[in-house]
Amino acid sequence: GRCMGDDGSCECYTGWGGAHCDTPEGGGDHPCMNNLYSEGCSERCTMEGTCSMHGRCLGDGSCDCYAGWSGEHCDIRDAGDEPCVKNLY
């Protein structure tokens, strides 16, 4: 899941539930763990490789892009939303 900064609650990824997103949902088809996905849990999604360091991996191998980034692999900078250079604001 994903921690919500406002109140510390969890927003669970598809296939997971509970207060800490640690309860599989959806019958006998349990989701993969540790950034693995696909049938047999044989493919890996990584923030560094799959999501270009600009997003988080979701349970299906797709990316949830951070603000200011888009695209399948979070590698497209949104127009008008340029991040600051290091140590500048």
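Our subject is the structure listed above.
Since the model is a prediction, treat every value here as computed from it, not as a measurement. (Residues numbered from 1 in each chain as written. Predicted model: local features only at pLDDT ≥ 70, side-chain atom pairs only at ≥ 80, totals over all residues. Heavy atoms only, no water.)

1. Quick word on the environment of Ser 52
Part 1: Locating Ser 52 in the fold gives a position in the loop between β6 (43-44) and β7 (55-57).
Part 2: When the C-alpha positions of Ser 52 and Ile 76 are compared, they lie 9.5 Å apart, and in sequence the two are 24 residues distant.
Part 3: With near-sequence residues (within four places) excluded, Ser 52 lies in contact with Met 47, His 73, Cys 74 and Asp 75.
Part 4: Looking at Ser 52, its side chain comes within polar contact range of the main-chain oxygen of His 73, at 2.9 Å. (Helix = DSSP H or I, 4+ residues; strand = E, 2+ residues; numbered from the N terminus. Contact = heavy atoms within 4.5 Å. Polar contact = N/O pair within 3.5 Å; in protein donor to acceptor, adjacent residues only side chain to side chain.)

2. Quick notes on the nonpolar core
In a soluble, globular protein the nonpolar side chains are often hidden away together inside.
Part 1: One finds Tyr 37, Cys 45, Cys 51, Cys 57, Cys 63 and Cys 74 forming the largest nonpolar core, which totals six residues.
Part 2: Cys 51 has contacts with Cys 45, Thr 46, Arg 56, Cys 57, Cys 63, His 73 and Cys 74, leaving out every residue within four places of it along the chain. (Core = buried A, V, L, I, M, F, W, Y, C linked by side-chain atoms within 4.5 Å. Buried < 20%, exposed > 50% of the residue type's maximum accessible area, 1.4 Å probe, protein only.)

3. With respect to unusual backbone geometry
Part 1: Its identity is not glycine, yet Ser 52 carries a phi of approximately 55°, on the positive side.
Part 2: Exposure remark for Ser 52: the relative accessible area of 23% places this residue in the partly exposed category.
Part 3: Residues other than glycine seldom take positive phi values, yet Cys 74 does so here, at roughly 55°.
Part 4: Tracing the backbone shows Cys 74 in the loop between β9 (69-70) and β10 (76-77).
Part 5: Classification of Cys 74 as buried rests on a relative accessible area of 0%.

4. Considering the environment of Ile 76
Part 1: Relative to the elements of secondary structure, Ile 76 occurs in strand β10.
Part 2: Judged by relative accessible area, Ile 76 falls into the partly exposed class, the value being 46%.
Part 3: With 11 residues separating them in the primary sequence, Ile 76 and Cys 65 have C-alpha atoms 9.7 Å apart.
Part 4: Residues in contact with Ile 76, not counting those within four places in the same chain, are Gly 68, Trp 69, Ser 70 and Gly 71.

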